[in-house]
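Residue strings, one per chain:
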Amino acid sequence: MNRELYLAGGCFWGTEHFFKQIAGVVETEVGFANGNTVAPTYKEVYTDLTGHAETVRIVYDDTVVDLEFLLNMYFKAIEPTSINRQGHDEGTRYRTGVYYTDEKQLPVIRKVFAEQQAQLSEPIAVEVEPLRCFYVAEEYHQDYLDKNPDGYCHLPLELFAMARKARKG
């Protein structure tokens, strides 16, 4: 059955491309989540005045890949102790976050966060909140790194290869 997950992991171009590589991810879409304005444009979000985070909507087949696996992969693609910064990108729009759509996701989210925190000396700075809103970004941002293979990305290329090989279980 298909499920949804919303992840903010810094620049959404690389985050989307990373998750598209994982077997069981059936659809991705980039946009803006949990801000204070309605239907913002990229230019508005870029000012850091809207409160929105660059976020990827991930649709996955839970018979192939589950929430726990995806969250553990997410931690491989972010610097979890960094506040409002991933790679060279800075600002509240680049904050990290897990935005859930179903309270039943919380026990798995808490379990993964506890396991990840046990491996770190600093506290995890990833926000965990219910998804309040999500607005799809402009078309040119969708599948950006597929359209622009040499485009900017804060994630190392090796990470994409690792995601292609990753399998649950």
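Everything that follows concerns the structure shown earlier in this document.
The paragraphs below set out a description of the structure included in this document.

About the cut-offs
- Numbering of residues begins from 1 in every chain and follows the order in which that chain's sequence is written.
- Given that the model is predicted, a residue must reach a pLDDT of at least 70 before its local features are reported, and side-chain atom pairs must reach 80 or more before they are shown or counted; all residues, however, enter totals for whole chains, interfaces and linings.
- Hydrogens and waters are ignored; side-chain quantities use all the structure's heavy atoms.
- Here, nonpolar core means buried Ala, Val, Leu, Ile, Met, Phe, Trp, Tyr and Cys residues that are tied together by side-chain atoms lying within 4.5 Å of each other.
- To sort residues, take the accessible area from a 1.4 Å probe on protein chains only and compare it with the maximum for the residue type: under 20% means buried, over 50% means exposed, and anything in between is partly exposed.
- Labels follow the DSSP assignment, with helices taken as runs of H or I lasting at least four residues and strands as runs of E lasting at least two, numbered in each case from the N terminus.
- Any two residues whose heavy atoms approach within 4.5 Å at even a single point are treated as in contact.
- Lines are fitted to the C-alpha atoms to define the axes, a helix being fitted only along its stretch in contact, and any angle between axes, read from their N-to-C directions, falls within 0 to 180 degrees.
- Handedness of a crossing is defined here by the sense of rotation of the near helix relative to the far one, left-handed for an anticlockwise turn of less than a right angle and right-handed for a clockwise turn.
- The residue classification treats Ala, Val, Leu, Ile, Met, Phe, Trp, Tyr, Cys and Pro as nonpolar and Asp, Glu, Lys and Arg as charged. All others, Gly included, are polar.
- An angle counts as roughly parallel when it lies under 35 degrees, as roughly antiparallel when it exceeds 145, as roughly perpendicular when it falls between 65 and 115, and as oblique in every other case.
- Counted as salt bridges are all cases of a side-chain nitrogen of Lys or Arg within 4 Å of a carboxyl oxygen of Asp or Glu.

### Description of the nonpolar core
Reasoning step 1: Of all hydrophobic cores here, the largest spans 43 residues; its most connected members are L5, F18, F19, I22 and V98.
Reasoning step 2: Here the element with the most residues in this core is helix α3 (residues 67-76); it accounts for 7 residues.
Reasoning step 3: Excluding residues that lie within four positions of it along the chain, F19 makes contacts with L7, V25, I58, L70, M73 and Y74.

### Things to note about the packing of α3 against helix α4 (residues 106-117)
Reasoning step 1: Two numbers describe how α3 lies on α4: the axes approach to 10 Å, and their chain directions differ by 35°. Where α3 crosses over α4, the two elements pack in a sense that is right-handed. Of α4, the residues touching α3 (which contributes L67, E68, L71, N72 and F75) are V108, I109, K111, V112, F113, E115 and Q116.
Reasoning step 2: Considered class by class, the residues forming the contact of α3 with α4 number 7 nonpolar, 2 polar and 3 charged.

### Thoughts on the environment of L71
Reasoning step 1: Counting through the fold element by element, L71 comes out in helix α3.
Reasoning step 2: The spatial distance from the C-alpha of L71 to the C-alpha of V108 is 8.9 Å, given a sequence separation of 37 residues.
Reasoning step 3: For L71, the contacting residues outside a window of four places in its chain are L5, L7, V98, V108, I109 and V112.

### Points about the environment of Y60
Reasoning step 1: Looking at the element boundaries, Y60 is found in strand β3 (residues 53-61).
Reasoning step 2: As for Y60 and G24, which are separated by 36 residues in sequence, their C-alpha atoms are 5.5 Å apart.

### A look at the packing of helix α1 (residues 12-20) against helix α6 (residues 157-165)
Reasoning step 1: One can describe the packing of α1 onto α6 by two numbers: an axis separation of 8 Å at closest approach and a directional angle of 30°. With respect to α6, the element α1 is oriented roughly parallel. Taking contact as the criterion, the partners of G14, H17 and F18 in α1 are, on α6, L159, F160, M162 and A163.
Reasoning step 2: Residue composition of the contact of α1 with α6, by class: 5 nonpolar, 2 polar and no charged.

### Focus on the side chain of T96
Reasoning step 1: Structurally, the position occupied by T96 is in strand β6 (residues 96-100).
Reasoning step 2: Once residues within four sequence positions are removed from consideration, T96 is found in contact with A8, G9, Y74, I78, S82, Q86, A125, V126 and E127.

### Examining the pattern of salt bridges
Reasoning step 1: Under the defined criterion, the tally for this structure stands at 13 salt bridges.
Reasoning step 2: Measuring nitrogen to oxygen at the nearest pair gives 2.6 Å for the salt bridge that ties K111 to E68. With a gap of 43 residues between them, K111 in helix α4 and E68 in helix α3 connect regions that are remote in the sequence.
Reasoning step 3: Relative accessible area serves as the criterion here: at 38%, K111 is assigned to the partly exposed category.
Reasoning step 4: In this structure E68 comes out as partly exposed when scored by relative accessible area, which is 27%.
Reasoning step 5: Among the ionic pairs, E129 bridges to R132, the shortest N-O distance being 3.0 Å.
Reasoning step 6: Since its relative accessible area comes to 52%, R132 is described here as exposed.

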